[in-house]
Amino acid sequence: MLTAASDIEVLARFARALADPIRCRLLLALREAPAYPADLADALGISRTRLSNHLACLRDCGLVVTVPDGRRTRYELADERLGRALDDLRTAVLAVETDRTCADAADKGCC
């Protein structure tokens, strides 16, 4: 059981990052390879301003870092283990999704 405040805070930051579909898409894109903001905005089909806000959130959560590259700045996952964690989490959620054992799930809109 998690009891240390730092453990709970870390998980809360990760959950905050995953709470938005655009941030999820950003994390998945950066899992594939580091990228520049303009390329990410084009790939996700969002404005650079909107992208900047989401990247700032991910930086504040400690999930992405900036890497200076000449006059440009590249973004990448703060740690390669985050990519594996995203894969594991996605796989686990999909497994639970296909194994709905709650008989009332459809009626209650839960699980």
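Basis of the calculations
Residues numbered from 1 in each chain as written. Predicted model: local features only at pLDDT ≥ 70, side-chain atom pairs only at ≥ 80, totals over all residues. Heavy atoms only, no water. Pairing = 2+ DSSP bridges. Helix = DSSP H or I, 4+ residues; strand = E, 2+ residues; numbered from the N terminus. Expected span 1.5 Å × (residues − 1). Buried < 20%, exposed > 50% of the residue type's maximum accessible area, 1.4 Å probe, protein only. Arc of directions from axis to C-beta. Polar contact = N/O pair within 3.5 Å; in protein donor to acceptor, adjacent residues only side chain to side chain. Axes fitted to C-alpha atoms, helices over the stretch in contact; angles between N-to-C directions. Parallel < 35°, antiparallel > 145°, perpendicular 65-115°, else oblique. Contact = heavy atoms within 4.5 Å. Nonpolar A, V, L, I, M, F, W, Y, C, P; charged D, E, K, R; others polar.

Trainee: Go over the pairing of strand β2 (residues 72–77) with me, naming the residues and quoting the values.
Mentor: As paired elements, strand β1 (residues 64–69) and β2 share six bridges and run antiparallel to each other. The partner of Pro68 across the bridge, within β2, is Thr73.

Trainee: Provide a residue-level description of helix α5 (residues 80–98), including the pertinent values.
Mentor: Compared with an ideal rise of 1.5 Å per residue, which puts 19 residues at 27 Å, α5 spans 28 Å between its outermost C-alpha atoms and is within 8% of the ideal. Looking at α5, one finds that the buried residues are Leu82, Gly83 and Leu86. One side of α5 holds all its buried residues, which, seen down the axis, span an arc of 105 degrees. Facing away from the buried surface of α5 by more than 90 degrees, the exposed residues are Glu80, Arg81, Asp88 and Val96. Sitting at the head of α5, Asp79 places a side-chain oxygen 2.7 Å from the backbone nitrogen of Arg81.

Trainee: Help me get a handle on the packing of helix α2 (residues 21–32) against helix α4 (residues 48–60), residues and values and all.
Mentor: One way to put it is that α2 packs onto α4 with a least axis distance of 10 Å and a crossing angle of 75 degrees. Between α2 and α4, the interaxial angle falls into the category roughly perpendicular. From α2, Ile22, Arg23, Leu26 and Leu27 reach across to α4, where they touch Arg50, Leu51, His54, Leu55, Cys57 and Leu58. Among the residues making up the contact of α2 with α4, the classes are represented as seven nonpolar, one polar and two charged.

Trainee: Break down the packing of helix α3 (residues 37–44) against α4 for me, citing the residues and quoting the values.
Mentor: Between α3 and α4, whose axes approach to 9 Å, the crossing angle comes to 110 degrees. On the basis of their axis angle, the class for α3 and α4 is roughly perpendicular. Of α4, the residues touching α3 (which contributes Pro37, Ala38, Leu40 and Ala41) are Arg48, Leu51 and Leu55.

Coordinates in, geometry out; function isn't part of it.
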